[in-house]
Amino acid sequence: QVQLVESGGGLVQAGGSLRLSCATSGFTFNSYAMGWFRQAPGKEREFVATISWGGLSTVNAGSVKGRFTISRDNAKNTVSLQMNSLKPEDTAVYYCAAALASSPTRAEIRTTAYDYWGQGTQVTVSS
């Protein structure tokens, strides 16, 4: 079956760094764009970053631009999110997701376009 398992979440102080990883199985990884989304208490799930299945195109949300970097390793079927200069407003559950794409350069920011989702990992940033 399809599995997406996030790891690397935890408690950090503002200004610190954290690296999230997502291990996947059960689907053709290099045919899917990958994305990271997050959801804070009382808020809708929001887009964070995405990377095309060819790895050449990325898009970051304006709120994390210059601080977060998404990457993927198609040989290992994994996707990562490097988070630097963390702020308390980054506190949320972070989700890894996969979207079937027809082009190796297609990055996907639409939540509704994603086919598979992980269970999430908690990131808490203290003041």
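Here's a quick rundown of the structure. The structure displayed is predicted, hence computed values, not measured ones. (Residues numbered from 1 in each chain as written. Predicted model: local features only at pLDDT ≥ 70, side-chain atom pairs only at ≥ 80, totals over all residues. Heavy atoms only, no water.)

**Some thoughts on the overall build of the chain**
Right, on to step 1. For the chain, the helix and strand inventory stands at 0 helices and 11 strands.
Right, on to step 2. When the elements of the chain are put in sequence order from the N terminus, they spell out β-β-β-β-β-β-β-β-β-β-β.
Right, on to step 3. Along the three orthogonal principal directions, the C-alpha set of the chain runs to about 40 × 30 × 25 Å.
Right, on to step 4. A buried classification covers 39% of the 127 residues belonging to the chain.
Right, on to step 5. A sequence separation of at least 24 residues applies to 62% of the contacts in the chain between residues at least 6 apart.
Right, on to step 6. Taken as a whole, the chain presents about 6,400 Å² of accessible surface, with 47% of it coming from carbon and sulfur.
Right, on to step 7. Of the charged side chains in the chain, 11 are positive and 8 negative; the average position of the first set lies 5 Å away from that of the second. (Helix = DSSP H or I, 4+ residues; strand = E, 2+ residues; numbered from the N terminus. Buried < 20%, exposed > 50% of the residue type's maximum accessible area, 1.4 Å probe, protein only. Contact = heavy atoms within 4.5 Å. Areas by Shrake-Rupley, 256 points an atom, 1.4 Å probe, with all protein chains shown as cover. Lys, Arg positive; Asp, Glu negative; His and termini not counted. Charge placed at Lys NZ, Arg CZ, Asp CG, Glu CD.)

**Things to note about the environment of Ile-51**
Right, on to step 1. Looking at where Ile-51 falls in the secondary structure, it is placed in strand 5 (residues 46–51).
Right, on to step 2. Distance from Ile-51 to Ser-71, taken between C-alpha atoms, is 7.0 Å for residues 20 residues apart in sequence.
Right, on to step 3. In contact with Ile-51, not counting residues within four places along its chain, are Ala-33, Met-34, Ser-57, Thr-58, Ile-70, Ser-71, Arg-72 and Val-79.

**Observations concerning the nonpolar core**
Right, on to step 1. Residues Trp-36, Leu-81, Met-83 and Tyr-94 are the most contacted members of the largest nonpolar core, which totals 32 residues.
Right, on to step 2. Elements represented by at least two residues in this core include exactly strand 3 (18–25), strand 4 (32–39), strand 5, strand 7 (68–73), strand 8 (78–83), strand 9 (92–100) and strand 11 (121–126).
Right, on to step 3. Sorting elements by how many residues they give to this core places strand 9 first, with 6 residues. (Core = buried A, V, L, I, M, F, W, Y, C linked by side-chain atoms within 4.5 Å.)

Shape is all these values report; function is a separate question.
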